[in-house]
Structures are given as C-alpha cells and as structure tokens.
Amino acid sequence: MHLSQKIVPIFGIFMLLFLNNCSSYNDIDDISIDEFSKGSGFFIYNYTAPNFSKSLRIFYHIPNKANALTPILIVFHGENRNAKEYRNAFVDASNAKNFIVIAPEFSDENFPQSDQYNLGNVYVNGDNPTSNSLNIESQWTFSIVEKLFDFIKSQLKNTTNFYNIFGHSAGAQFAHRFLMFKPNNRANQIVISAAGWYTFPDITIPFPYGLKNSILENSSLKNFFAKNVFVQVGELDNNPNEANLRHNFYADAQGLQRLERATNYVDFCKQQAKNTTFDFNWTFYIHKNVDHNYSIAAQNAANLLF
C-alpha cells in the first residue's frame, strides 16, 4: 500500500472529528427548529401584525442534554446587530449549564436606528413622543419577544413557563424598556448589562430619558421593581469619550460614562421603590477589571442566571 493511500483515510477521520468538534459553532439555515434540534444554527422568524410585518434571523444554540424543562435565555445584541456573535458567547456556558440560547437579530434593514430597536418602536420618533405618533402595541418591537417565546416553546415542545434575558449595551437599553412597556412579560431573571443610557422611572423627566409625556407617565412600576434584575457594568467601562455613547443634557445628567450612569440608575430605582413601598429585587454588579466587552459580560451573566 502506498503512503498516500494511508494518508487519505487518516485525513478523512481527522476532518470528521474536526467538523464534529466545531459543529456547535456552525450555523445551519433551517426552516425552523424542532424538539430534535441540537447545536447551533439559525432560522427565519416572521412576525406579523396589522399593517406590520418583520422578518428576523434567530440564532440559537441547543445543548445536547436539552429536554422539555431546559430553561430558555433570550439574548439581545448591541448596536452592531451581531446576534450570531452574542449567541456564540454563550455556547460553552449553554453546554455546561444546560440552557437554550435564543438570539434574535434586529437588523438595521428591518429595525433601523434606535427608534425601532433601543426604544422598541413605541413611537414613530422615540426622542419626540406625542400621542399622534404612538404606534399600536402590536407594532412595537417589544411585542415580538413574547410571541417569539411562545413559538420557541411550541417548536421545541418546551414546557417552561418563563424565560431569562441578557441584554448588553443597546440590548440592555432594549431589555430594561421592554420590562417597563410590557409589564405582564414572562421574564424571570434579567441581566441589564452596560447600557449607554437609561429611561429613568421619573415622571419629571421627558421620555425617553424619563417617563414624562409617555404612556407610562401614570403607570405603576410595581412589576418592574419586583423583577429579578441584575444590572451589571464593567469597572473599566468608564470612558466618557467612547464613540457610541450618547451625550446631551438629559443623557449627561445620568452621568458622563456607563459606570456612572449604571450606578445612578440603580440608586434612583432603589429610592423610587422605597418611596412607593414596592418590593425591589434588583442586584447591582460591578465586574472588576472589565471594560465594555460583551463576551466577558455574557460569561458573567451566565453565572448570575444559571
């Protein structure tokens, strides 16, 4: 037998092992997912409402040990709309801790700028809300989340009643506003990670920096404060000149950088809950020696949630 004949089957075995080891990071373009799906991939999810239709790529990872009771984590990406990379950041933890990762991609094409993503498409122009520019609730980007959860449950035959959330940077903006605008959500534990700025539960400050002039101006925040929320931020996420950080009168009143803004936000929410005698089930976590790195934030979030 020639040496080349020996090399071919050995090389073939090596490649098979290599592909199997990498399969958890390879995306398979499925029509959908079902109870037999394992590993990583993505599918197209179509959300429809009256005069409103959006298609999203949903990146997922399902560990091999997943069953009907496996918890579900919904991940909200940052401004770069890189849902695949956010999904990948949780793959190892998903396999080790046995939870399902669902990372919807809110693309620039379908959800342009901050109005339709960070601010949830509640208003046509979220920075200047008026009653005439209020979208119907089924057209809010926030309204996609619960429908997506039900779809995932149905496809996977998953029987869990709640889901967890991780949102980082722009995704953290989406996450905390989602909790406010959709108070009957089924989120169990939520990590709000390093938002650039916040909507404070303050009726004296205009929306989107506070609640004044918004439909939440006279709403109760009891459910909001009662949620199991982790607000996390990196100790070194303290650069006031970071390129994507919003600066104006109201944003800078929250602090000049993310660490300050997160600290002030949690302190304010804690005091508001105390003033209204509402339960406050939030935890503030400053991640030592960490900047605005979403991958490290994801690893810490997995430890907090699971």
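Residues numbered from 1 in each chain as written. Predicted model: local features only at pLDDT ≥ 70, side-chain atom pairs only at ≥ 80, totals over all residues. Heavy atoms only, no water.

### Looking at unusual backbone geometry
Argument step 1. For the bond from Phe207 to Pro208, the omega torsion is 15°, close enough to zero to count as cis.
Argument step 2. Note that Pro208 resides in the loop between β7 (187-193) and α7 (222-226).
Argument step 3. The backbone of Arg81 shows a phi angle near 60°, a positive value even though the residue is not glycine.
Argument step 4. Here Arg81 shows up in the loop between β4 (72-76) and α2 (83-89).
Argument step 5. One non-glycine residue, Thr277, lies in the positive phi region at around 55°.
Argument step 6. Examined against the element boundaries, Thr277 turns out to sit in the loop between α9 (258-275) and β9 (282-287). (Helix = DSSP H or I, 4+ residues; strand = E, 2+ residues; numbered from the N terminus.)

### Digging into the confidence of the model for the protein
Argument step 1. Within the protein, residue pLDDT values average 91, and 90% of them lie at 70 or more.
Argument step 2. Considering only residues more than four positions removed or in separate chains, one finds that residues 1-24, a stretch of pLDDT under 50, has six contacts. (pLDDT = per-residue confidence, 0-100. Contact = heavy atoms within 4.5 Å.)

### A closer look at α9
Argument step 1. Under the 1.5 Å per step criterion, the end-to-end length of α9 is 25 Å for 18 residues, consistent within 8% with the ideal 26 Å.
Argument step 2. Buried within α9 are the following residues: Arg258, Leu259, Arg261, Ala262, Tyr265, Val266, Cys269 and Ala273. Buried positions in α9, seen along its axis, are confined to an arc of 165° and lie on one side of it. Counted as exposed and oriented over 90 degrees from the buried face of α9: Lys274 and Asn275.
Argument step 3. The secondary structure elements touched by the buried residues of α9 are α6 (170-181), α7, β8 (228-234), α8 (249-253) and β9. (Expected span 1.5 Å × (residues − 1). Buried < 20%, exposed > 50% of the residue type's maximum accessible area, 1.4 Å probe, protein only. Arc of directions from axis to C-beta.)

### So, the pattern of salt bridges
Argument step 1. One pass over the structure, following the stated rule, counts ten salt bridges.
Argument step 2. Arg81 is paired through a salt bridge with Asp108; the nearest N and O atoms lie 3.4 Å apart. One end of the pair, Arg81, is in the loop between β4 and α2; the other, Asp108, is in the loop between β5 (100-105) and α4 (113-116), and 27 residues separate them in sequence.
Argument step 3. Overall, Arg81 belongs to the buried group, its relative accessible area being 8%.
Argument step 4. The shortest N-O distance in the salt bridge between Arg246 and Asp127 comes to 3.0 Å. Within this pair, whereas Arg246 is found in the loop between β8 and α8, its partner Asp127 is found in the loop between α4 and α5 (143-156), the two being separated by 119 residues in sequence.
Argument step 5. Among the residues examined, Asp127 registers a relative accessible area of 30% and is labelled partly exposed.
Argument step 6. Residues participating in the shared-partner salt-bridge network are Glu146, Asp150 and Arg186. (Salt bridge = Lys/Arg side-chain N within 4 Å of Asp/Glu carboxyl O.)

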